[in-house]
Amino acid sequence: MSALPLLLLLLFFLLPPIMAKKMQALCLLPQPYKIQEHYYRPGDLIVGGNLHLGNYWSLYLDFKQDPYPFSIPYLPTPNNYQHFMALVFAVTEINKNLVLLPNSTLGFNMYDNANWKRRVSVISLFLLSTRDQMVPGYKCDQQDTLLSIIGGDQSQFSMLMASIFSIFKVPQLSIGFEFIQGDRRVYPSSFRISPKEFPQLVSLVRLLLYFQWNWVGFIASESERGEQFLSTLSPMLMEKEICLAFTQMVKEDVSKAEVHKFTSHSEIWANIEIILSFAEPDIVQTFLWALNFNSFGKRPCPKVWILTSYWKPHTTHLQNRRRDLKHLHGSLHFRGHSGIISEFSNFLLSLNPLNPQGDMILPRWWEKVFGCEFHKPGHSFVKRKKYCTGKENLRNLPTYMFQTSMTGESYNVYNAIYALAHALHAMCGSGSRPATMKFGKRISSVQSWQLLPYLMNVHFNNSAGEEVSFSEKGLGSARYDLLNWARLPNRSIVTLKVGQINPGAPPGQDVTIHSDAIVWPTKKMPFGRCGRKRCHAGERRRVPEGKQVCCYQCAPCSDGSISDKTDAAECDPCPEDQYPNKDKVHCIDKKLHFLAYQDPLGYALASLTIFFSLITISVLVIFRKHHDTPIVKANNRDLTYIVLVSLLLCFLCSFLFIGQLEKVTCLFQQSAFVILFSVAVSSVLAKTVLVVLAFMAIKPGNKTRKLLGKPLTTSIVLGCPLVQALLCATWLATSPPLLNMDFHSLVGQTIIECKEGSISMFYAVLAYLGFLSLMSFTVTFLARKLPDSFNEAKFITFSMLVFCSVWITFIPTYLSTKGKSMVAVEIFSILASGAGLLACIFFPKCYIILLRSNLNCKENIMRQKNC
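Residues take numbers from 1 onward in each chain, read along the sequence in its written order. With pLDDT at 70 or above as the cut-off, local features in this predicted model cover only qualifying residues; side-chain atom pairs require 80 or more to be listed or tallied, and sums for whole chains, interfaces and linings still use all residues. Based on all heavy atoms of the structure, the side-chain values leave hydrogens and waters out of the count.

In DSSP terms, a helix is any run of H or I states spanning at least four residues, a strand is any run of E spanning at least two, and both are numbered starting from the N terminus. On a plain count of helices and strands, the protein chain comes out with 24 helices and 27 strands. The burial tally for the protein chain puts 50% of its 867 residues in the buried class. Once local pairs closer than 6 in sequence are excluded, the contacts in the protein chain between residues at least 24 apart make up 69%. Note on areas: these come from Shrake-Rupley sampling with a 1.4 Å probe, and a residue is covered only by the protein chains present in the view. A total accessible area of about 43,200 Å² is found for the protein chain, and carbon and sulfur atoms account for 60% of it. Exposed residues in this analysis have more than 50% of their type's maximum accessible area, buried residues have under 20%, and partly exposed residues fall in between, with area computed by a 1.4 Å probe over protein chains only. The contact rule is simple, with two residues in contact once any of their heavy atoms fall within 4.5 Å.

Okay, structure coming up:
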């Protein structure tokens, strides 16, 4: 029970006193760091800035105290100051716009991270806290509502900021980093406001192809981003047969001695003309220093640097940088696209360092760029010092240091701030939104995370008249400007816009390069190729064994192929009906090769055909006119007429082989002459058989007299050609002759020929014709000793000998010739064999009829006596 009073006493002490005094709550915490703001402007909503505007150059650090307050001196970076001015200019314009954000204003709170990783983290925490405090997410009042943050001009800084601001869902507008697809889930509130890198890679390859450079050196930062850039670019270069002469991955803290050793002792470096760089600004600056050191007292090394948007010139030590930058003369530089906003130039020209209005950087920046110093009150003037008046003209500054027109990075910052305003307008201007989110005095109650879905769908036209859109990854634009660095005769260094990359433009207009406006390191465009000789039209590339594809030699195109462009990988074969010209540059139509009437050979054969035809007709007329004479009767007039008519038609069928052939001509030319010759030879065979049988019938008791008469001759004359006709019909039905174009046998000519179709059938009809000739020859040879005055066996024997000799020699000659010569051989065989029959059989008889009519009597034929 003794414990009860003690318990009651303890409970009594827990009760509040009756006269308790209300204490005022203080929002105050001790700060381990204090970072000075560089520019603050109040507003209903604040845009925070974590930008790189200058550098602290430490003389000595002993790691015993915080380096920030003791790091001296602070040197502003002239070019980067314009990024901040673009933000100020955009906020000023938006606050004047009564439609975009009525009754509300934007403010900003700007810090300079001095390009230090630790300082980036501390500034990010400060921006998430109450002003002048550093307790992230802890706010004692409703002032300075953080709407968004802008900064992160390097990938490592952008990732560091994203890891902090994504926790609090604060929209982060990153200047110099493009998140990959996997990072989107980790950093949902980060947006890229610089152009996408991939279109720049495509444009870079297009640039190399445009100038036909295929042998380039590559310098990249030894970092994750540098490795990713190289792994993406290498397949694209390989596909277009562009080779990397060397690939130099360089650490950010590379020493000047290492770079000097590489640039002064490397043979590849000495011979390379094109350098592609994707490296940190300090790395490129070290290479430029090495080039300046190596060329001391000499002319600058004529190399063309191709710089990506990743590189921005450092101008901290202006005199040294100016000497180094001369080695960029003639180089090409991809920078983010910038629209024309004339009011921005007027805004910059109105800056007054004597009245900075809270901008703590402006006076120091002014001193830096103009190389002067403002007089401090209470200090005496020093004669040797150059004092600033505040009236210096920004237009007189070199463009590589500062320019009054808006740069690509500043243009992106300008568009990003307007994108925030449009997203805020879409979120708070809707009538369906709660009153706390509508425009008015309570807009400060808006939470930054509420802006994210609206920022992903922003779409507007800016004051430059260009379309600006955001997606879940950031700025939708992927446009780049191509700049040319040039050193003028007065030693000033300027950048000239010589091209533009716009992936959204129609094909063929997406990359524009004004090559005539480019200033090169030398008077002519660099060669930029491994081989010192270009392969001209009519040649192709040939890569020696063990060499890269770019280090090729030239070889002439093979027969039948051409190349009509420089450095052709392969020669293109000409179509079958064309052939290369002498230089193998283009294809020309092949001449049609056939036995034409205009050719001397065709003209001669046609003349012979007409001549023999006229002779045959003359013989036929003579025989018809003297058909009642004994010599005509004795030789069987009907068979004689059949032989003469068939010979005439044989001569005329030669015209089927002369001239340009057609399908119908090919179909019947061979069949026509073999059938006609079969008729002629069969008629001669019939004449011979009748002569032999007539002599045999004279002998007593010989029964051959019964065979004499028209039935025998008719059966021979009709039966033998009928067999030939059946063979020809079979040939035409199974595999007929066809018109063929031979493109390969003769150079530069297309042979129009009739292919036999079935070779076996072609030789079968010739063999049958030879068989008839051989039979006729055999019969006449056996009857050669009969009385000469009565029979013509000897003449027929000789004619068949001529006929067989011609066609025996025809076969090997026919097979060994091509084109019109082969046709001429066949025509000649037709004419020769027909002329042999005509001359041997009919000329002796015509001689008797016309010149020795006294011998043309029956008594002479029967008894060998004159009439």
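Attention now moves to the sheet that holds strand β11 (residues 274–278). The eight strands are arranged β10-β9-β11-β12-β13-β16-β17-β18 in an open sheet whose pairing can be described as mixed. With one partner strand each, in any of the chains shown, β10 (243–250) and β18 (511–513) form the two edges of the open sheet. Averaged over neighbouring strand pairs, the angle between their axes works out to 25° when direction is ignored. Strands were regarded as paired on the criterion that DSSP finds at least two bridges between them. When strand β9 (residues 215–221) meets β11, the two strands line up parallel, connected through five bridges. For Val 216, the partnering residue across the bridge sits in β11 and is Ile 274. Comment: axis = line fitted to C-alpha atoms, over the contacting stretch for helices; angle = value between 0 and 180 degrees taken between N-to-C directions.

Right, let's talk about the pairing of strand β12 (residues 304–307) for a bit. Side chains Val 304 and Ile 306 project from β12 onto one buried face, and the interleaved Trp 305 and Leu 307 project onto a second face that is buried too. Where β11 meets β12, four bridges bridge the pair, whose relative direction is parallel. Bridge assignment links Leu 276 to a residue of β12, and that residue is Ile 306. In the sheet, β12 pairs with strand β13 (residues 332–336) via two bridges, with the strands oriented parallel. When the bridges of β13 are listed, Ile 306 appears paired with Leu 332.

Working definition: rings of Phe, Tyr and Trp (its six-membered ring) pair if their centres are within 6.5 Å, and the pair is stacked with planes under 30 degrees apart, edge-to-face with planes over 60 apart, and tilted otherwise. Considering all chains together, one arrives at 38 aromatic pairs under this definition. Taking the centre distance of 5.4 Å and the plane angle of 70° together, the rings of Phe 89 and Phe 344 count as edge-to-face. Here Phe 89 is found in helix α2 (residues 81–96), whereas its partner Phe 344 is found in helix α12 (residues 342–349), with 255 residues between them in sequence. Through a chain of ring-to-ring contacts, the aromatic side chains of Tyr 39, Tyr 81, Phe 84, Phe 108, Trp 365, Trp 366, Phe 370 and Phe 402 assemble into a single cluster. Criterion for a charge above a ring: Arg CZ or Lys NZ at most 6 Å from the ring centre, at most 35 degrees from the ring normal. Positioned over the ring face of Trp 269 is Lys 303, at 5.2 Å from the centre of the ring. The ring of Tyr 552 carries Arg 541 above its face, with NZ or CZ at 5.2 Å from the centroid.

Further remarks concern the environment of Val 619. Here Val 619 lies in helix α16 (residues 600–625). Residue class for Val 619 comes out buried when judged on its relative accessible area of 3%. Taking the C-alpha atoms as reference points, Val 619 and Leu 838, 219 residues apart in sequence, are found 8.9 Å from one another. The contact partners of Val 619, leaving out residues within four places of it in the chain, are Leu 644, Leu 838, Phe 842, Phe 843 and Cys 846.

Next up on the list: the packing of α2 against α12. Running from N to C, α2 and α12 point in directions that differ by 110°, and their axes come no closer than 11 Å. In terms of axis orientation, α2 runs roughly perpendicular to α12. Contacts between α2 and α12 pair Gln 82, Met 85, Ala 86, Val 88 and Phe 89 from the former with Glu 343, Phe 344, Phe 347 and Leu 348 from the latter. In what follows, roughly perpendicular refers to angles from 65 to 115 degrees, roughly parallel to angles under 35, roughly antiparallel to angles over 145, and oblique to any angle outside these ranges.

Take the side chain of Asn 412 next. Mapped onto the fold, Asn 412 is located in helix α14 (residues 408–428). By relative accessible area, Asn 412 is classed as buried at 8%. Contacts of Asn 412, omitting those with residues within four sequence positions, involve Ile 193, Ser 194, Pro 195 and Leu 475.

Our focus in this paragraph is the packing of α16 against helix α18 (residues 637–652). As a packed pair, α16 and α18 sit with axes 9 Å apart at the nearest point and diverge in direction by 165°. One finds that α16 runs roughly antiparallel with respect to α18. For the pair α16 and α18, the sense of crossing is left-handed. Every residue of α18 that contacts α16 at Thr 609, Phe 612, Ser 613, Thr 616, Ile 617, Val 619, Leu 620, Phe 623 and Arg 624 is listed here: Thr 640, Tyr 641, Leu 644, Val 645, Leu 647, Leu 648, Phe 651 and Leu 652. Rotating anticlockwise by less than a right angle from the far helix to the near helix defines a left-handed crossing, while the corresponding clockwise rotation defines a right-handed one.

As a further point, take helix α13 (residues 361–370). Among the ten residues of α13, seven are classified as buried, and the element is accordingly described as predominantly covered. For α13, the full list of buried residues reads Ile 361, Leu 362, Trp 365, Trp 366, Lys 368, Val 369 and Phe 370. Two residues or fewer past α13, Gly 371 is found with a positive phi of approximately 60°.

Right, let's talk about helix α10 (residues 281–294) for a bit. Each residue after the first adds 1.5 Å to the expected span of a helix. Taking 1.5 Å as the rise per residue, α10 with 14 residues should run 20 Å; its terminal C-alpha atoms sit 20 Å apart, in good agreement. Among the 14 residues that make up α10, ten are buried, leaving the element largely enclosed by the rest of the structure. Those residues of α10 lying buried are Pro 281, Ile 283, Val 284, Gln 285, Thr 286, Phe 287, Leu 288, Ala 290, Leu 291 and Asn 292.

On to the pattern of salt bridges. By definition here, a salt bridge exists when the distance from a side-chain nitrogen of Lys or Arg to a carboxyl oxygen of Asp or Glu is within 4 Å. If you walk through the whole model with that rule in mind, you get eleven salt bridges. Here Glu 373 makes a salt bridge to Lys 385, at a shortest N to O gap of 3.4 Å. In this pair, Glu 373 is assigned in the loop between α13 and α14 and Lys 385 in the loop between α13 and α14, connecting sequence segments twelve residues apart. Its salt-bridge partner being Asp 599, residue Lys 820 comes within 2.8 Å of it at the nearest N-O pair. Of this pair, Lys 820 sits in helix α23 (residues 820–850) while Asp 599 sits in the loop between β25 (591–593) and α16, and the two are 221 residues apart along the sequence.

Nonpolar side chains in soluble globular proteins generally cluster together in the buried interior. Among the nonpolar cores identified, the biggest contains 97 residues, and Phe 84, Ile 219, Trp 305 and Ile 417 are the most heavily contacted of them. Not counting residues up to four positions away in its chain, the partners in contact with Trp 305 are Ile 219, Trp 269, Ile 275, Ser 277, Val 284, Phe 287, Leu 288, Leu 291, His 327, Leu 328, Ser 331 and Leu 332. We define the nonpolar core as a collection of buried residues of types Ala, Val, Leu, Ile, Met, Phe, Trp, Tyr and Cys that are connected through side-chain atoms lying within 4.5 Å of one another.

Read from one edge to the other, the open sheet built from six strands follows the order β1-β5-β2-β6-β7-β8, with strand pairing classed as mixed. Single-partner strands in this sheet number two, and they are β1 (39–41) and β8 (190–192). Averaged over neighbouring strand pairs, the angle between their axes works out to 20° when direction is ignored. With six bridges joining them, strand β2 (residues 45–51) and strand β6 (residues 145–151) adopt parallel strand pairing.

Once that is clear, we can look at a negative patch on the surface. A contiguous patch of negative charge on the surface is contributed by Glu 252, Asp 253, Glu 258 and Asp 282. With respect to the secondary-structure elements, Glu 252 resides in the loop between β10 and α8 (256–265). Given a relative accessible area of 43%, Glu 252 falls into the partly exposed group. Exposure above 30% relative accessible area and no salt bridge define the residues that can form patches, which grow by joining like charges within 9 Å and nonpolar side chains of Val, Leu, Ile, Met, Phe, Trp and Tyr within 5 Å. Counted as positive: Lys and Arg. Counted as negative: Asp and Glu. His and the chain ends are not counted at all. Each charge is placed at NZ for Lys, CZ for Arg, CG for Asp and CD for Glu.

Its identity is not glycine, yet Ala 114 carries a phi of approximately 55°, on the positive side. Structurally, the position occupied by Ala 114 is in the loop between β5 (106–112) and α3 (117–127). On the basis of relative accessibility, which here comes to 0%, the residue Ala 114 falls in the buried class. Phi at Lys 169 takes a positive value of approximately 55°, unusual for a residue other than glycine. Given a relative accessible area of 35%, Lys 169 falls into the partly exposed group.

The disulfide criterion used throughout: a pair of cysteine sulfur atoms within 2.5 Å. What the rule picks out here adds up to seven disulfides. The residue that forms a disulfide with Cys 372 is Cys 388, at a sulfur-sulfur distance of 1.7 Å. Residues Cys 372 and Cys 388 are joined through a disulfide that is right-handed, its torsion about the S-S bond being 100°. Residue Cys 372 is found in the loop between α13 and α14, and its partner Cys 388 is found in the loop between α13 and α14; the two are separated by 16 residues along the sequence.

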